Amino acid sequence: MSSSVLPLNSTYINVPNFTHTTQPISQRAFKTRTNQTKGFRVVACNATPNDNKRLILPEPQKLVLPNVDRRNLLMGLSGLYTAANLSSLPEAVADPIRTPDDFRSECKGEVTSGLKNKDGKYARSRACCPPNLEGGIPADYKLPTESTVRLRWPAHKGTPEQVQKYRLAIQAMRSLPDDDPRSFINQAKIHCAYCHGAYHQPDKTKDIQIHNSWLFYPFHRWYLYFYERILGCLIMDPTFALPYWNWDDPDGMQIPEMFIPETIYCNPNPLQVEVHREASHLPSEKEPKIVDLTWSPVNRAEQGLPYEKQKACNLETVYRDMVRNGHDTPSFFGGKYVVGSDEISIRDKSVGSVESGSHTAVHLWVGDSKQPNNEDMGRFYSAGYDPLFYCHHANVDRMWKLWKDLDLPKHVDPTDPDWLNASYVFYDEKKNPVRVYNRDSVSLKPLGYNYIEEYPIQDLPWRYSRPTQRDKSEQDDSKKDNALPMMNSPMILNRTLKVRVRRNATKNLNETLLISGIKFDSSKFVKFDVFVNDKLKNGVEPTTSDPEYAGGFAQIPHGDANKMSMSSGARFGLKELLEDTNTENEEYVTVKLVPKAGCEDLTIGNISIINPEP
Ligand code: C2O
């Protein structure tokens with residue numbers, strides 16, 4: 001896939017060189033507070049000074065729409081199903097998730113708990129409904145016809161102009177009155193509403209939840225889409241684009257500089273003021289603080305790899321999320337979720353690879369351990385109160401785009417009509433309520449934005465970060481684990497669980513390990529790690545950088561106090577893992593689940609291997 005590469009001094013974008021000799025405003029601001037503890041050091045470690053660094057602007061895009069007949073979309077039946085055997089039909093006629101038309105009057109949410117200010121008032125709460133403006137039912141959104149493209153930029157490479165514009169826009173948003181649906185707080189509440197059951201499903205028996213399923217990417221894409229347009233509108237700049245936190249690039253793994261100083265020009269920094277973040281993870285003059293993409297906020301002692309190792313480990317995590325575990329549509333997007341989908345019983349309810357992996361780790365790594373619930377980023381209800389949340393999610397959104405650009409087989413958007421026709425309601429930049437559909441979110445071109453890239457897709461730093469193949473001499477061939485039990489009933493993960501699972505495929509298929517019916521208390525952070533075919537000699541334990549590591553299952557807590565039972569599943573791609581552990585020809589795989597946090601009452605329903613569809 002080719003991209004047009006523009007030189008650094010292009011008139012389109014002006015990229016400061018890496019050492020910031022152009023002195024961005026944030027750095028000037030920082031100079032006023034060098035003796036404070038949160039001083040900022042520009043990333044210097046291991047950065048190759050590269051003054052000729054080029055950034056890549058996206059080529060005019062192909063419109064990549066799923067191969068679905070429009071009429072069938074309208075009928076709620078895809079070409080797939082009409083052509084297929086009729087026994088597939090019951091799935092096709094399920095109803096897609098849809099925010100109610102009466103999203104104002106039907107919205108639920110009371111201030112019962114949350115984070116209080118010093119004056120005792122709730123600064124963040126679970127009352128997440130939008131302001132109840134006058135108006136009819138939301139109209140279907142019409143995509144803009146303007147020809148400008150908003151180019152989202154890597155946050156660690158922002159020019160002083162980009163940073164200043166962004167801060168101005170956030171400041172303008174913070175200045176809007178509380179009854180304006182575009183205000184900073186009302187934007188934050190959108191996230192809370194869609195994960196705390198503010199809206200019921202069309203059958204009114206259950207609430208809408210946009211995490212842990214195939215709604216994750218499209219919902220957040222639309223959310224950022226309007227957020228970006230609102231910011232642009234407030235500063236009257238139709239080209240305004242969000243920064244993205246480039247945590248998949250070693251140079252971008254710290255919290256971006258512009259978020260750090262508390263003041264700029266003696267004014268509060270709108271990207272930092274009244275935000276809760278983990279102070280020990282802010283970059284400091286003494287040491288760089290790069291994110292840990294497998295982070296869990298427990299066992300702090302065993303966390304924190306040496307700098308170089310952490311970078312490599314992060315790249316492996318992104319590779320795992322994007323390639324090894326994101327190897328097909330349900331594994332990357334998460335499982336099917338339609339009206340009536342019960343959190344407990346739906347057959348393929350599972351969380352997508354990036355969502356459960358790097359996405360969740362970033363949330364928890366940024367959330368403040370001094371707050372009662374790791375606010376802001378560490379909980380869903382409060383995450384939207386940190387501007388860094390949107391910067392993080394811009395990168396998550398970029399991952400969706402890159403996943404398709406990788407040009408690998410099975411890296412295609414869902415074509416199920418229940419996915420395509422799922423819809424949400426947002427207030428647009430003019431305060432009109434509009435309904436948007438997943439089907440209109442799949443391609444960036446009609447949405448009028450794109451991402452500026454530093455590397456062509458095949459040169460992305462994580463593109464080939466596959467773990468090194470296990471040396472056979474380190475393995476014990478006689479360790480066949482024949483004595484391990486098969487899984488025949490749900491098990492509690494209050495200690496390490498080891499089972500074997502029979503493969504029903506011959507080699508060379510990309511099988512998926514499916515851990516299903518994971519039930520847990522969603523008010524707390526839960527995490528477990530999954531290792532497959534650990535045949536290491538002498539009791540040596542594989543690490544998360546080793547080929548035996550399939551990945552983790554991690555959940556950002558939902559509640560802010562009350563215990564809620566939740567269920568999910570996780571998928572892991574086996575093809576490369578079996579190759580890299582020299583076990584492609586085995587009849588069974590051995591699976592080891594290692595509880596890391598909150599697993600005392602977590603149960604595993606089943607572990608199975610599913611073969612890819614032809
Ligand atoms: Cu809606 Cu990162 O979560």
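It should be emphasised that the depicted structure is a prediction, and the values quoted were computed from it without experimental measurement.

A. Summary view of the overall build of the chain. Each helix and strand counted, the chain has 15 helices and 21 strands in total. Residues classed as buried in the chain amount to 60% of the 614 residues present. The contacts in the chain between residues at least 6 apart in sequence include a share of 78% that link residues at least 24 apart. Of the roughly 24800 Å² of accessible surface on the chain, a fraction of 51% belongs to carbon and sulfur atoms.

B. Highlighting the pairing of strand E10 (residues 423-427). Counting buried residues in E10 gives 5 out of 5 residues, a clear majority hidden from the surface. The pairing of E10 with strand E11 (residues 433-437) spans 5 bridges and is classified as antiparallel. By the bridge assignment, Ser423 is partnered in E11 with Tyr437. Taken together, E10 and the strand that follows it, E11, pair antiparallel across an intervening segment of 5 residues, in which Lys431 is found at a positive phi of about 70°.

C. Seen up close, the state of the cysteines. Going through the model one piece at a time under the given rule, you end up with 2 disulfides. A sulfur-sulfur distance of 2.0 Å marks the disulfide that ties Cys107 to Cys129. Across the disulfide from Cys107 to Cys129, rotation about the S-S bond amounts to roughly -95°, and the bridge is consequently left-handed. Of this pair, Cys107 sits in the loop between helix H4 (89-92) and strand E3 (114-116) while Cys129 sits in the loop between strand E4 (122-125) and strand E5 (139-140), and the two are 22 residues apart along the sequence. A sulfur-sulfur distance of 1.7 Å marks the disulfide that ties Cys128 to Cys192. Of the two residues, Cys128 sits in the loop between E4 and E5 while Cys192 sits in helix H6 (residues 184-193), which places them 64 residues apart along the sequence. Residue class for Cys128 comes out buried when judged on its relative accessible area of 3%. Bonded cysteines in the chain are paired 1-3, 2-4 when counted in the order they occur along the chain.

D. Representation of the sheet that holds strand E7 (residues 243-244) in the model. As summarised here, the arrangement of the 3 strands in space is E7-E6-E12, forming an open sheet in which the pairing is parallel. This sheet does not close on itself; its edge strands, each paired only once, are E7 and strand E12 (449-451). Both strand E6 (residues 150-154) and E7 contribute to a ladder of 2 bridges, which runs parallel. From the neighbouring strand, Pro154 faces E7, where its bridge partner is Tyr244. In this fold helix H7 (residues 216-234) packs onto E6 and E12, with an angle of close to 100° to the strand it touches most, E6.

E. Geometry of the UniProt feature "domain: Tyrosinase copper-binding" (unreviewed entry) in the chain. Sites flagged by UniProt as "domain: Tyrosinase copper-binding" (unreviewed entry) map to residues 386-397. Here residues 386-397 runs as 92% helix and 0% strand, with 17 Å between its end C-alpha atoms.

F. Local environment of the packing of H6 against H7. Contact geometry for H6 and H7: axes closest at 11 Å, N-to-C directions at 175°. Relative to H7, H6 is oriented roughly antiparallel. Contact residues: H6 offers Phe184, Gln187, Ala188, Ile190 and His191, while H7 offers Phe219, His220, Tyr223, Tyr227 and Ile230.

G. Local environment of H6. The element H6 is extensively covered by neighbouring structure, given that 8 of its 10 residues are classed as buried. Looking only at H6, the buried set comprises Phe184, Asn186, Gln187, Ala188, Ile190, His191, Cys192 and Ala193. Looking at the buried positions of H6, the neighbouring elements they touch are E4, helix H5 (160-174), H7, helix H11 (380-383), helix H12 (387-405) and E10.

H. Main features of the packing of H5 against H7. Running from N to C, H5 and H7 point in directions that differ by 95°, and their axes come no closer than 8 Å. Classified by the interaxial angle, the pair formed by H5 and H7 is roughly perpendicular. Along the contact surface, H5 presents Ala169, Ile170, Ala172 and Met173, while H7 presents Tyr227, Ile230, Leu231 and Leu234. Among the residues forming the contact of H5 with H7, the class breakdown is 8 nonpolar, no polar and no charged.

I. Up close: the nonpolar core. With 107 residues, the main nonpolar core has Met322 and Tyr424 as its most contacted residues. When residues in this core are grouped by element, the largest group, 11 residues, is from H7. In contact with Tyr424, other than residues within four places in its own chain, are Thr99, Tyr194, Ile210, Leu215, Pro218, Phe219, Trp222, Val434, Arg435, Val436 and Asn438. By size, the runner-up hydrophobic cluster in this structure holds 30 residues, among which are Leu497, Leu513, Val530 and Leu574.

J. Just the sheet that holds E11, in detail. One open sheet holds the 3 strands; their spatial order is E5-E11-E10, and the pairing between them is mixed. Sheet topology places E5 and E10 at the edges, where each strand pairs with a single neighbour. Of the pairings in the sheet, the one linking E5 to E11 comprises 2 bridges and is parallel in character. Across the sheet, the residue bridging to Asp140 is Arg435, located in E11. With respect to the sheet, H7 is in contact with E10 and E11, its orientation differing from that of E10 by roughly 15°.

K. Broad picture of unusual backbone geometry. In this structure, the amide linkage connecting Glu375 to the following residue, Asp376, adopts the cis form with an omega of 0°. Among the structural elements, Asp376 can be located in the loop between helix H10 (353-366) and H11. Although it is not a glycine, Met236 sits at a positive phi angle of roughly 55°. Examined against the element boundaries, Met236 turns out to sit in the loop between H7 and E7. When its relative accessible area of 75% is taken as the criterion, Met236 is described as exposed. Of note in the backbone geometry, Glu274 takes a positive phi value of approximately 55° without being a glycine. Positionally, Glu274 belongs in the loop between strand E9 (267-268) and helix H8 (307-324).

L. Broad picture of the side chain of Arg167. Mapped onto the secondary structure, Arg167 falls in helix H5. As a buried residue without a salt bridge, Arg167 has its nearest oppositely charged side chain in Glu257, at a separation of 7.1 Å. In terms of polar contacts, Arg167 uses its side chain to reach the side chain of Asn269, at 3.3 Å.

M. Fine view of the packing of aromatic side chains. A complete count under the given rule lists 37 aromatic pairs for this structure. Aromatic side chains Trp153 and Tyr166 sit 6.3 Å apart centroid to centroid with 90° between the ring planes, which places their arrangement in the edge-to-face category. Of the two residues, Trp153 sits in strand E6 while Tyr166 sits in helix H5, which places them 13 residues apart along the sequence. Considering the side-chain rings of Trp400 and Trp419, the 6.4 Å spacing of their centres and the 80° angle between planes classify their relative orientation as edge-to-face. Of this pair, Trp400 sits in helix H12 while Trp419 sits in helix H13 (residues 417-420); the two residues are 19 residues apart in sequence, bridging distant segments of the chain. Each member of the pair, Trp400 together with Trp419, is buried. Its guanidinium or amino end placed over the ring of Tyr449, Arg152 lies 3.8 Å from that ring's centre, counting from NZ or CZ. A cation over a ring is seen here: Arg500 above Tyr588, with NZ or CZ 4.3 Å from the ring centre.

What counts and how
- Residues numbered from 1 in each chain as written.
- Predicted model: local features only at pLDDT ≥ 70, side-chain atom pairs only at ≥ 80, totals over all residues.
- Heavy atoms only, no water.
- Helix = DSSP H or I, 4+ residues; strand = E, 2+ residues; numbered from the N terminus.
- Buried < 20%, exposed > 50% of the residue type's maximum accessible area, 1.4 Å probe, protein only.
- Contact = heavy atoms within 4.5 Å.
- Areas by Shrake-Rupley, 256 points an atom, 1.4 Å probe, with all protein chains shown as cover.
- Pairing = 2+ DSSP bridges.
- Disulfide = S-S within 2.5 Å.
- Axes fitted to C-alpha atoms, helices over the stretch in contact; angles between N-to-C directions.
- UniProt positions renumbered as here; feature names shortened; annotations may be inferred.
- Parallel < 35°, antiparallel > 145°, perpendicular 65-115°, else oblique.
- Nonpolar A, V, L, I, M, F, W, Y, C, P; charged D, E, K, R; others polar.
- Core = buried A, V, L, I, M, F, W, Y, C linked by side-chain atoms within 4.5 Å.
- Lys, Arg positive; Asp, Glu negative; His and termini not counted.
- Salt bridge = Lys/Arg side-chain N within 4 Å of Asp/Glu carboxyl O.
- Polar contact = N/O pair within 3.5 Å; in protein donor to acceptor, adjacent residues only side chain to side chain.
- Phe/Tyr/Trp six-rings, centres within 6.5 Å; stacked < 30°, edge-to-face > 60°.
- Lys NZ or Arg CZ within 6 Å of the ring centre and 35° of its normal.

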